[in-house]
Amino acid sequence: MTKKNLRLFDKEELTTEMEALGEKKFRTSQLFQWLWKYRTLNFSKMKNIPKPLQAKLQELYILPETAVSIFQQSQDGTIKVGFETYDKETIEGVIIPSEDRITACISSQVGCSLSCTFCATGFLPRKRNLFAFEIYDQVYLLNELALKHYEKPLTNIVYMGMGEPLLNYDEVVKSLHRLHSEDEGLGIGAKRITVSTSGIVRNIKKLADEGLKINLALSLHAATNEKRTAVMDINKSNPLEELMAILAYFYEKTHNKITYEYILLNQFNDSVEDAIDLAKLCQDFAVYVNLIEYNPVDGTPYSKSKKERRDAFLQTLRDKGVSSKIRKSRGKDIDAACGQLANKIVKLQLDS
Ligand code: SAH
Ligand code: SF4
């Protein structure tokens, strides 16, 4: 008989599973806490679970593990971690310390099925979705590293690593519940969690209806359909009009400001006219625009916007009343910056 993976069950499923073994509800709660809050992957360490039950669980179930396999620290303090999944895939996570917060950036898929032209992850094939427990593991392990290296826990979580979170909807939502839960998770406030998406309209709607008051970031990168489709193929099936309507809905439901991520690409989307187009997309709900410095990715034709163009772009937005700032890139020396995750893997593939 093949053993089942106990880390795949939500509370309800675990209850059913434990009931079949003749166990009472409180045992399920204890076990669920061990599995999530304390992330204990060894049945014999679950102290309040009686020995015979520990043995039974050991016989019937497995507890697959995600482990830190690569550790790199940048001159600016940023930490990049390679995680090895239970099936020997590699995913990446980053910890970005700043004055007032410690942010963990985590992956949602192995690779990505979308191929945004500027992004290193887009060059990798999507191998598989991550399970909720693997998303959770990244945060749990990055938190341990934050405590070890900065003597402070993580304060913020962003789903901005490898993959498109909203194309792994169910597992991402499960992971959000666990990260958020005080008793059966890490107790991270919804306001401190941000999911970044390339704009999957139907799932933005679902997320809005989920009742989780997390933040949403849209990777916008261009303010007209023509330009956006040129760099993000997903815009063909999820055009700006539909995106704007669904973001208005998300805002109505959560009252959380929407963040736009906008990489300034030299001579492509960084003119004053582009800024005027962008400002038009900031009228219907509260928006914050993060202007992102482009991080070079091998095999792409782009370069980063020049300082004068960047400044003029920012000023135009501000003149139109849009809150915005230019986001400094972190961890460049170790390829930990946005869109550079997987850069090394891509390089290896291009060379071979
Ligand atoms: N798939 C999701 C989340 C992962 S991408 C999404 O697209 O939103 C995380 C962020 O990194 C996105 O805003 C993405 O646009 C940005 N990014 C990708 N490549 C980049 C690059 N080369 N330089 C700077 N930012 C980049
Ligand atoms: Fe995938 Fe996001 Fe990169 Fe696009 S920007 S290829 S959606 S990870």
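Here is what the cut-offs are and how they apply
Residues numbered from 1 in each chain as written. Chains lettered and ligands numbered in written order. Predicted model: local features only at pLDDT ≥ 70, side-chain atom pairs only at ≥ 80, totals over all residues. Heavy atoms only, no water. Phe/Tyr/Trp six-rings, centres within 6.5 Å; stacked < 30°, edge-to-face > 60°. Helix = DSSP H or I, 4+ residues; strand = E, 2+ residues; numbered from the N terminus. Buried < 20%, exposed > 50% of the residue type's maximum accessible area, 1.4 Å probe, protein only. Lys NZ or Arg CZ within 6 Å of the ring centre and 35° of its normal. Contact = heavy atoms within 4.5 Å. Domains from an automatic or database assignment. Buried area = accessible area lost by both parts, 1.4 Å probe. Salt bridge = Lys/Arg side-chain N within 4 Å of Asp/Glu carboxyl O.

The next point concerns the packing of aromatic side chains. What describes a pair of aromatic rings is the distance from one ring centre to the other and the angle between the planes of the rings. Under the criterion given, the structure shown has ten aromatic pairs. Between Phe131 and Phe133, the ring centres sit 5.7 Å apart and the planes meet at 10°, which makes this aromatic pair stacked. Between Tyr262 and Phe313 the ring centres are 5.2 Å apart and the planes differ by 35°, which places this aromatic pair in the tilted class. Taken together, the positions of Tyr262 in strand S12 (residues 258-264) and Phe313 in helix H10 (residues 307-319) put the pair 51 residues apart, joining distant regions of the chain. Exposure remark for Tyr262: the relative accessible area of 1% places this residue in the buried category. Following the ring pairs from residue to residue traces out a cluster consisting of Phe32, Trp36, Tyr136 and Tyr140. Across the ring face of Trp36, the terminal group of Arg178 is positioned such that the distance to the ring centre comes to 6.0 Å. The ring of Phe268 has Lys227 sitting right over it, with the charged end atom 5.6 Å from the ring centre.

Examined against the element boundaries, Ser196 turns out to sit in strand S10 (residues 193-197). Non-local contacts of Ser196, meaning those with residues more than four positions away in its chain, are made with Tyr159, Met160, Glu164, Pro165, Ala217 and Ser219.

The next thing to look at is the domain arrangement of the protein. Here the domain parsing of the protein yields domain 1 (4-62) and domain 2 (67-351). On a C-alpha basis, the centroid separation for the pair domain 1 and domain 2 is 34 Å. Carbon and sulfur atoms supply 56% of the area buried between domain 1 and domain 2, which totals about 1,200 Å² over both sides. Looking only at domain 1, the three residues that lose the most surface to domain 2 are Trp36, Lys37 and Arg39, adding up to 50% of its buried area. There are three salt bridges connecting domain 1 and domain 2. Ionic pairing is found between Arg7 and Asp137, a salt bridge with its closest N-O pair at 2.7 Å.

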